[in-house]
Structures are given as C-alpha cells and as structure tokens.
Amino acid sequence: FWSRTKGWTYSMVAFKRWLLIGAIAARFLRPRKERSIEGKVVLITGASRGIGERLALAFAAQKCKLCLAARNLDELGAVADRCIAAGAADAIAI
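Here is a short report on the structure shown in this document. These numbers come from a predicted model, not from an experiment.

A few words now on the environment of Leu-55. Take Leu-55: it is sitting in helix α2 (residues 50–61). Measuring from C-alpha to C-alpha, the distance between Leu-55 and Val-42 comes to 10.0 Å, with 13 residues separating the pair along the chain.

Next up on the list: the sheet that holds strand β3 (residues 90–93). Sheet strands pair via backbone hydrogen bonds, and the direction of the pair is either parallel or antiparallel. If you trace the three strands from one edge of the open sheet to the other, you get β1-β2-β3, paired in parallel fashion. Two strands bound the open sheet, and with one partner strand each, they are β1 (41–45) and β3. The sheet shows a mean angle of 15° between the axes of neighbouring strands, direction not considered. Here β1 pairs with strand β2 (residues 65–69) via five bridges, running parallel. From the neighbouring strand, Val-42 faces β2, where its bridge partner is Leu-66.

Between α2 and helix α3 (residues 73–86), whose axes approach to 8 Å, the crossing angle comes to 25°. In terms of axis orientation, α2 runs roughly parallel to α3. Judged by the twist between their axes, the crossing of α2 over α3 is right-handed. Facing α2, whose interface residues are Glu-53, Ala-56, Leu-57, Ala-60 and Ala-61, α3 presents Val-79, Arg-82, Cys-83 and Ala-86. Among the residues making up the contact of α2 with α3, the classes are represented as seven nonpolar, no polar and two charged.

On the surface, a nonpolar cluster with roughly 330 Å² of combined accessible area is contributed by Leu-20, Ile-24 and Phe-28. Here Ile-24 shows up in helix α1 (residues 7–29).

The next point concerns unusual backbone geometry. Its identity as a non-glycine residue notwithstanding, Lys-63 has a phi of 65°, on the positive side. Checked against the element boundaries, Lys-63 lands in the loop between α2 and β2. Assessed through its relative accessible area of 44%, Lys-63 is described here as partly exposed.

It is worth spelling out the pairing of β1 at this point. Only one face of β1 is buried: it carries Val-42 and Ile-44, and the other face, with Val-41, Leu-43 and Thr-45, is open. Regarding topology, α2 serves as the crossover connection from β1 to the parallel β2, and that connection is right-handed.

The subject of this paragraph is α3. For α3, which comprises 14 residues, the first-to-last C-alpha distance of 19 Å matches the rise-based estimate of 20 Å (1.5 Å per residue) to within 8%. Every buried residue of α3 is accounted for by Leu-76, Val-79, Ala-80 and Cys-83. On an axial view of α3, the arc spanned by its buried residues comes to 105°, and they lie on one face. Facing away from the buried side of α3 by more than 90 degrees, the exposed set consists of Asp-74, Asp-81 and Ala-85. Elements in contact with the buried residues of α3: α2, β2 and β3.

What counts as what
- Residues numbered from 1 in each chain as written.
- Predicted model: local features only at pLDDT ≥ 70, side-chain atom pairs only at ≥ 80, totals over all residues.
- Heavy atoms only, no water.
- Helix = DSSP H or I, 4+ residues; strand = E, 2+ residues; numbered from the N terminus.
- Pairing = 2+ DSSP bridges.
- Axes fitted to C-alpha atoms, helices over the stretch in contact; angles between N-to-C directions.
- Parallel < 35°, antiparallel > 145°, perpendicular 65-115°, else oblique.
- Left-handed = near helix turned anticlockwise from the far one by under 90°.
- Contact = heavy atoms within 4.5 Å.
- Nonpolar A, V, L, I, M, F, W, Y, C, P; charged D, E, K, R; others polar.
- Patch = residues over 30% accessible without salt bridge, like charges linked within 9 Å, V, L, I, M, F, W, Y side chains within 5 Å.
- Areas by Shrake-Rupley, 256 points an atom, 1.4 Å probe, with all protein chains shown as cover.
- Salt bridge = Lys/Arg side-chain N within 4 Å of Asp/Glu carboxyl O.
- Buried < 20%, exposed > 50% of the residue type's maximum accessible area, 1.4 Å probe, protein only.
- Right-handed = clockwise from strand over helix to strand, strands pointing away.
- Expected span 1.5 Å × (residues − 1).
- Arc of directions from axis to C-beta.

Below, the structure is given as structure tokens:
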C-alpha cells in the first residue's frame, strides 16, 4: 500500500470499515421470517389467574398445546376450558 501521506492505506481501512458497517446493516435490516408457534408445547405456572391466565389465553389463540400449573385446581380447570374454547390444540391442568 502507498502510505506516504496515508492516502492509499487510509482509504483501504475506511473502505473495509464501510464494508463491515454495510454487512451489519444488511443483517439487521432484512425482513425476518415469521415463526409459527402453532402446535408447540407451552408450560405456564400460576395460570389460574393474573398474568398466567392472560398468557394461557394468548398462547391458546396461537393454537399451542398448553400445560397449565397452579395451586388452585378449580380455577385452573376453568382456565383450561376457556383455553380450549379460545383455540388451544390441547390444555391440561396440573
């Protein structure tokens, strides 16, 4: 490389930096593939009420297989029934 005034060497370094920046930008800016979680098994603890119940219903809408766990089995059974009605592939209460 010609380096008397850093002309040629500096331009090569700058060029390599721009190539690296372009490669990184291309990696993060390209469209991502949509991944389906349909049919996947999801374990949710504390699913009888609150955020656990909301998560169970959200995963049910995505047609997941649900394994629900909580201390209150009566409320958990009701949540499992609502999940099946919401479209879950399967829902079991533990």
